[in-house]
Amino acid sequence: LAGTPHEAARQIAPCFVVALIDNMLLSQAVHRPVGLGWAIQTAILGLMVFVHVDLALSSPSSPSATDGFIGVDAENNFRLDPPDQGTVLVDGMDCKQEVLELKSSMAALQSKVDTLLSLCQEPAHVLAGHDHSVSALAWANGRLYSGSFDDTVRVWDYQTRQVLHTISVGFNVRTLAVDKDQARLYVAGDSTNVLMVDISSAVPVLLTDQLLGDTGGRLETIVLAGDLLFCSANEGAVRAINVTQDPPAFAFQFDALNTSSKGVFALGTNSETLAVGVSDGAVQLWDTTQAPPTLTRQLNVHIGTVQDFVFLSDTLLVSASNDRSIQVLDLAATGDDAQSIARLSGHDAQVNALSLDATQERLFSASADGTVKVWSLPHTSTGLVEPQPALLRTLNTSAALDSLVLTDTHVFVGGRDTEIYMFKRSCYDV
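Basis of the calculations
Sequence positions are assigned chain by chain, starting from 1 and proceeding in written order. It should be noted that, the model being predicted, local features are given only for residues of pLDDT at least 70 and side-chain atom pairs only at 80 or more, the latter also being counted only at that level, while totals for whole chains, interfaces and linings use all residues. In computing side-chain values, all of the structure's heavy atoms are included and hydrogens and water are not. Helix and strand definitions here come from DSSP, where helices need a minimum of 4 consecutive H or I residues and strands a minimum of 2 consecutive E residues; each element is numbered from the N-terminal end. Using a 1.4 Å probe on the protein chains alone, a residue whose accessible area is under 20% of its type maximum counts as buried, one over 50% counts as exposed, and one in between counts as partly exposed. Note on definitions: a residue-residue contact is assigned when non-hydrogen atoms from the two residues lie within 4.5 Å. Note that accessible areas follow from Shrake-Rupley with a 1.4 Å probe, and for residues the cover is restricted to the protein chains shown. Under the pairing criterion, centres of Phe, Tyr and Trp rings, with the six-membered ring standing for Trp, must be within 6.5 Å; the plane angle then separates stacked pairs below 30 degrees from edge-to-face pairs above 60, leaving the rest tilted. A residue's pLDDT is the predictor's confidence in that residue, given on a scale from 0 to 100. Two strands form a pair only when DSSP identifies at least two bridges running between them. Whenever a helix is involved, its axis is fitted only over the stretch in contact; in every case the axis is a line through C-alpha atoms, and angles between N-to-C directions fall within 0 to 180 degrees.

(A) Structural view of the overall build of the protein. Helices and strands together make up the secondary structure of the protein, namely three helices and 33 strands. Counting only residues that meet the buried cut, the protein has 49% of its 430 residues in that class. Restricting the contact set of the protein to residue pairs at least 6 apart, pairs at least 24 apart contribute 44%. Surface exposure of the protein reaches about 19400 Å², of which carbon and sulfur atoms provide 50%.

In structure tokens form, the structure reads like this:
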């Protein structure tokens with residue numbers, strides 16, 4: 001920098017703006033949503049990198065003087081803190097006043113950013129159309145599918161927020177599953193049967209008439225694993241249907257009930273394991289390389305009904321419960337170590353749904369407390385990178401939440417107030 005301190009300050013300001021614009025253009029080039037806080041901090045660092053400011057702080061030796069700091073501190077935060085006494089020299093000239101003015105402008109800008117981010121915690125839109133709670137959500141071929149206790153499945157164009165099809169199924173819908181080709185949607189709930197919906201035509205077909213036997217009146221959850229559709233019932237049995245056969249055929253069933261449990265409410269699969277969540281809080285692991293599967297382990301990590309699962313890897317499983325907690329389980333550990341390696345706390349009511357984003361490092365959890373929490377969960381194939389996952393963001397709604405689905409651009413959650421809340425991910429992704 002050259003010239004008077006005021007001329008130096010005028011040189012700094014354009015570089016600040018250029019660095020910010022450069023950062024935003026780079027973000028668009030790599031198709032990464034711009035996080036405002038991240039962009040600003042990068043731009044401030046750019047001020048130092050691109051302008052090559054050579055700052056020298058001079059502070060009197062008086063014991064009462066507070067030393068200043070300009071640069072990146074140990075927490076990797078950029079700080080503009082000139083000393084209470086003394087000078088800030090730029091090419092030998094005192095720019096302390098200009099630094100103080102820049103710091104004040106940065107604080108005002110950060111306040112505006114905080115306001116914008118707080119707005120991002122509220123839903124961008126609400127999809128209304130159901131007459132009862134939205135208990136299940138799924139995504140296929142650019143369409144949102146919602147199941148409700150109003151005995152319907154609705155197909156949505158999320159961009160226009162209009163219902164494209166309303167499919168009457170004749171029972172309260174509790175769970176939806178989409179096949180890997182996104183060609184078929186499976187629907188289950190307060191019925192002894194499963195319906196299959198052809199996604200291209202939105203026509204439902206009875207899939208399991210008389211195949212499942214006595215399920216106690218309803219199916220709690222379904223999950224696809226290869227050729228098999230696993231169905232859990234409130235009477236404790238897990239049944240498997242081979243959905244690739246024509247017609248579909250019953251494969252096998254096994255009993256997951258414990259002495260104190262009343263049903264199976266969660267299922268999750270990876271390549272060789274079926275995770276079964278039981279009402280007494282137990283997490284059971286079944287080996288699916290055999291038919292029927294064999295129980296390999298039971299982990300007693302929750303004190304309430306297990307509501308949902310996601311696998312981070314073949315050996316890392318995340319479980320959610322109505323005890324308000326989320327647990328990360330190390331399935332490779334043995335003996336007493338085969339328990340939770342991290343507990344995610346923060347919800348004030350039962351946690352009903354989990355989902356991982358495409359990076360597999362961000363976990364979304366939906367709760368009856370009306371919030372969706374976004375967690376940082378970096379991991380390797382064998383363990384977590386950080387011992388305690390960090391809470392990144394809380395998204396707010398006005399209803400207890402039962403269902404959750406992610407897309408590349410949005411978060412959708414289903415409420416007990418009949419509505420679907422839609423959040424734009426670009427608003428807060430960093």
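Here the narrative resumes.
(B) Quick look at the side chain of S135. With respect to the helices and strands, the residue S135 is situated in strand β7 (residues 134-140). Once you skip the residues sitting within four places of it in the chain, S135 turns out to touch G147, S148, F149, V173, R174, D402 and S403.

(C) Fine view of the packing of aromatic side chains. Inspection of every chain in the model, using the stated rule, returns five aromatic pairs. Between W139 and Y158, the ring centres sit 5.5 Å apart and the planes meet at 65°, which makes this aromatic pair edge-to-face. With W139 in strand β7 and Y158 in the loop between β9 (152-157) and β10 (162-168), this residue pair connects regions lying 19 residues apart in the sequence. For W139, a relative accessible area of 23% puts it in the partly exposed group. Ring centres of W139 and F412 lie 5.9 Å apart, and the angle between their planes is 20°; on these two criteria the pair is classed as stacked. Linking W139 in strand β7 with F412 in strand β32 (residues 410-415), this pair joins segments that are 273 residues apart in sequence. According to the relative accessible area criterion, F412 is buried, its value standing at 0%. Three or more aromatic residues link up through ring pairs in this structure, and these residues are W139, Y158 and F412.

(D) Region of interest: the confidence of the model for the protein. Predicted confidence across the protein gives a mean pLDDT of 80, with 71% of residues reaching 70 or more. Throughout residues 45-65 the model reports pLDDT below 50, and contacts reaching past four residues in sequence, or to other chains, amount to 47 contacts.

(E) Spotlight on the sheet that holds strand β29 (residues 371-376). Reading across the sheet, the four strands line up as β27-β28-β29-β30 and stay open at both edges, with antiparallel pairing between neighbours. Bordering the open sheet on either side are β27 (351-356) and β30 (390-396), each of which pairs with just one other strand. With direction set aside, neighbouring strand axes in the sheet form an average angle of 20°. With five bridges connecting them, strand β28 (residues 362-367) and β29 associate as antiparallel partners. From the neighbouring strand, S365 faces β29, where its bridge partner is K373.

(F) Examining the pairing of strand β20 (residues 273-278) more closely. The element β20 is extensively covered by neighbouring structure, given that six of its six residues are classed as buried. Sheet topology places strand β19 (residues 264-269) next to β20; five bridges connect them, and they run antiparallel. The residue of β20 that forms the bridge with G268 is A275. Connecting the antiparallel pair β19 and β20 is a turn made up of three residues. In this structure, β20 lies alongside strand β21 (residues 282-287), joined through five bridges in antiparallel fashion. By the bridge assignment, G277 is partnered in β21 with V283. In this antiparallel pair of consecutive strands, β20 and β21, the connection spans three residues, and G281 shows a positive phi of 100°.

(G) Spatial organisation of unusual backbone geometry. Omega for the bond connecting D246 with P247 falls within 30 degrees of zero, at 5°, which places this linkage in the cis form. For P247, the position within the fold is in the loop between β17 (237-242) and β18 (249-255). Here A291 and P292 are connected by a cis peptide whose omega angle stands at -5°. If you trace the backbone, P292 turns up in the loop between β21 and β22 (294-300). A positive phi angle is found at N141, which is not glycine, with a value near 50°. Structurally, the position occupied by N141 is in the loop between β7 and β8 (143-148). Within the chain, Q360 stands out as a residue other than glycine whose phi angle is a positive 65°.

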